[in-house]
Structure formats: C-alpha cells, structure tokens
Amino acid sequence: MEFNIIRFWNLCKRDFKINMKTDLIMLSIMGLIGGVLYIIESSFFPILMGCMFFFLGFRIFTEYTKKTSRSQILLLPVSNLERFLCVFVRAFIYYPIFLVVSLLLGTLIITSILYILRLPIDFNHVINNSLDIFYSFWRVFIMLYLLMAIFFFGSIFYKKNAGLKMGLFIFVAVIVFAIMSGIIFILIGYENNYMSNNDLFSPSAYYDNIIGIVISLFFIGLSYLRLTEEQA
C-alpha cells in the first residue's frame, strides 16, 4: 500500500478535471432545486440527505463503470491506496463542501428572484435562516454515516445504477427486519409487557455509535478490497 503525496495530488487533480463539467452541472441543478425546496420546507436536512445519497450512489467510482475508462485508471502508475483515497476524498470531503456551497448559492438566487418579482417572501428571514445548513449538514453525517458508508460500498460493488440498487436493497432489508422484529416481539410475549422496557431491546447510544462506526469502517474496508479486485 505505497503512498506518495505528489502522485496522490496529481491523481486528485486528474479526477477533478475529468468530473468537473458533470459535477458543476449536477451541483448547480441540485443547488437551485434545493433552494426552492428550502423556501417551501424551511429545512435543509432532507435536501442534504437526498443529495448525498445521490452523489454516493451515482457519482462515485464512475471511472470503473466502463471498460475503457476502467482500463485507463487501472493503468495509471499509482497504488491502489491512492486510487481509493482519491475517490474517498471526493465522496466525503469534495462533494459535501461543494454541495453546501451550491445549496447556499441556490437559496440566495431563488430568494433574490422571488424578491425581485415582488412575490410574498421575507428575504432577510430566508437568508439568515439558511445558515442552518451547517447544522443540518452535521446532523446528516452524525445520523446517517452508516448508510453513507453502505452506499459508498455499493457504488463500487454494483457500479452501474448503484444508487437505485442500494436504495432498493436497503428498503427491502428494512421491511424484512421490521417484519422479523414484529414476529419476535409477538413470540416472546407482547402481552407480558416486555416491550414497555425500552432499555431491554435497545442498546445505549454509546454502544450504538461504537457498533455503527465499526460497521462503517467494515464497509469502507470492503470498498477498498473491492477496488483492488478490479486489477485482477
């Protein structure tokens, strides 16, 4: 797992140039749509959540979806660790930062247009409250880091249409888990009021976070191993 900072920096610049046009288009569209939705809902949390899952599902490991581009990235004189960290930085640093910027700009543009058209909108209120995007962004990462790690793994595992496939997989998994949990609760004695003791069935927040972090690291590690298999 050799790592060279200069090679890694050059790889990141190459990755940025290749994806710049598509990223700018997608971020601009999501910024404007997010601005409209924020004015309607006054909350950035669902907007950020949807945008992050979209980018993690459809814009990560894009070079590995086609045979030609996959050959080009794999033939570069860089290590697998550098290839992986380049995508990791784009997923969890580059996209989040520019997504926040695009949503703020989108909100400003949409609010300004509505204000110029003299539509009923409190310009100062919207602009001042839009700063809660940083709080919403923090909540997304704290609450959904496990799902983000799973989507990150799914994007290299499935490659094409990974977001749709992972979304469907998680939806089915949640339904199955809910059904199985309901059956178990009934079998162990719902009538005996076992479910009234929440502590019995849910671990503390501390152990919850530890388990979530371990599972997240597990999926990130799987993503790296899956990437190394591309050279086989």
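In the block above lies the structure referred to throughout.
Described below are features of the structure shown in this document. Source: prediction; values computed, not measured.

1. A word on the overall build of the protein
Then, in step 1: Across its full length, the protein carries nine helices and zero strands.
Then, in step 2: Mapped in sequence order, the helices and strands of the protein form the string α-α-α-α-α-α-α-α-α.
Then, in step 3: The 232 residues of the protein split such that 37% are buried.
Then, in step 4: Here the protein displays about 14,200 Å² of accessible surface, and carbon together with sulfur accounts for 71% of that area.

2. Focus: unusual backbone geometry
Glycine aside, a negative phi is what most residues show, and trans is what most peptide bonds show.
Then, in step 1: Even without a glycine there, the phi angle at Phe61 is positive, about 55°.
Then, in step 2: By the element assignment, Phe61 lies in the loop between helix H2 (45–58) and helix H3 (67–74).

3. Notes on the environment of Ser42
Then, in step 1: Structurally, Ser42 is set in the loop between helix H1 (5–41) and H2.
Then, in step 2: Sequence spacing of Ser42 and Asn129 is 87 residues, and the spatial spacing of their C-alpha atoms is 8.2 Å.
Then, in step 3: Ignoring sequence-local partners within four residues, the contact set of Ser42 consists of Leu37 and Asp132.

4. Comments concerning the packing of aromatic side chains
Then, in step 1: Evaluated as defined, the whole model comprises 20 aromatic pairs.
Then, in step 2: A centroid spacing of 5.9 Å and a plane angle of 90° characterise the contact between Phe16 and Tyr94, whose relative ring orientation is edge-to-face. With Phe16 in helix H1 and Tyr94 in helix H4 (residues 80–116), this residue pair connects regions lying 78 residues apart in the sequence.
Then, in step 3: Between the aromatic rings of Phe84 and Phe152, the centroid separation amounts to 5.9 Å while the plane-to-plane angle is 75°, which identifies the pairing as edge-to-face.

5. Remarks on the pattern of salt bridges
Then, in step 1: Counting across every chain of the model gives four salt bridges.
Then, in step 2: For the salt bridge of Arg59 with Asp23, the shortest nitrogen-to-oxygen distance reads 3.0 Å. Here the residue Arg59 occupies a position in the loop between H2 and H3, and Asp23 occupies one in helix H1, the gap between them amounting to 36 residues.
Then, in step 3: Accessibility expressed as a relative area gives 11% for Arg59, which makes it buried.
Then, in step 4: Of the charged contacts in the structure, one is a salt bridge between Glu229 and Arg226, with a shortest N-O distance of 3.6 Å.

6. Structural notes on the nonpolar core
Then, in step 1: One finds Leu56, Ile60, Phe61, Leu99 and Phe152 to be the most contacted residues of the largest nonpolar core, which totals 50 residues.
Then, in step 2: Listing elements by their share of this core, those giving two or more residues are H1, H2, H3, H4, helix H6 (133–157), helix H7 (162–189) and helix H9 (205–228).
Then, in step 3: A total of 11 residues in this core trace back to one element, the largest contributor, which is H4.
Then, in step 4: Ignoring any residue separated from it by four or fewer positions in sequence, one finds Phe152 in contact with Leu56, Ile60, Phe61, Phe84, Val87, Phe88, Ala91, Phe92 and Ser223.

7. Concerning the side chain of Arg83
Then, in step 1: As for its placement among the helices and strands, Arg83 is situated in helix H4.
Then, in step 2: Put simply, Arg83 is tucked away with no salt bridge, and the nearest opposite charge, on Glu82, sits 7.2 Å away.
Then, in step 3: Looking at Arg83, its side chain comes within polar contact range of the main-chain oxygen of Val78, at 3.3 Å.
Then, in step 4: Here the side chain of Arg83 touches Asn80 through a polar contact of 3.0 Å, side chain to side chain.

8. A closer look at H2
Then, in step 1: A rise of 1.5 Å per residue sets the reference length of H2, with its 14 residues, at 20 Å; its end C-alpha atoms lie 20 Å apart and thus fit the reference within 8%.
Then, in step 2: Those residues of H2 not exposed but buried are Phe45, Ile47, Leu48, Cys51, Met52, Phe53, Phe55, Leu56 and Gly57.

9. Here we look at the packing of H1 against H2
Then, in step 1: Packing of H1 against H2 brings their axes to within 10 Å, and their N-to-C directions diverge by 160°. Between H1 and H2, the angle falls in the class roughly antiparallel. Handedness of the crossing formed by H1 with H2: right-handed. Here Met26, Leu27, Met30, Gly34, Leu37 and Tyr38 of H1 come into contact with H2, specifically with Ile47, Cys51, Phe54 and Phe55.
Then, in step 2: Of the residues contributing to the contact of H1 with H2, the split by class is nine nonpolar, one polar and no charged.

Cut-offs applied
- Residues numbered from 1 in each chain as written.
- Predicted model: local features only at pLDDT ≥ 70, side-chain atom pairs only at ≥ 80, totals over all residues.
- Heavy atoms only, no water.
- Helix = DSSP H or I, 4+ residues; strand = E, 2+ residues; numbered from the N terminus.
- Buried < 20%, exposed > 50% of the residue type's maximum accessible area, 1.4 Å probe, protein only.
- Areas by Shrake-Rupley, 256 points an atom, 1.4 Å probe, with all protein chains shown as cover.
- Contact = heavy atoms within 4.5 Å.
- Phe/Tyr/Trp six-rings, centres within 6.5 Å; stacked < 30°, edge-to-face > 60°.
- Salt bridge = Lys/Arg side-chain N within 4 Å of Asp/Glu carboxyl O.
- Core = buried A, V, L, I, M, F, W, Y, C linked by side-chain atoms within 4.5 Å.
- Lys, Arg positive; Asp, Glu negative; His and termini not counted.
- Polar contact = N/O pair within 3.5 Å; in protein donor to acceptor, adjacent residues only side chain to side chain.
- Expected span 1.5 Å × (residues − 1).
- Axes fitted to C-alpha atoms, helices over the stretch in contact; angles between N-to-C directions.
- Parallel < 35°, antiparallel > 145°, perpendicular 65-115°, else oblique.
- Left-handed = near helix turned anticlockwise from the far one by under 90°.
- Nonpolar A, V, L, I, M, F, W, Y, C, P; charged D, E, K, R; others polar.

Keep in mind that these numbers describe shape and distance, not what the molecule does.
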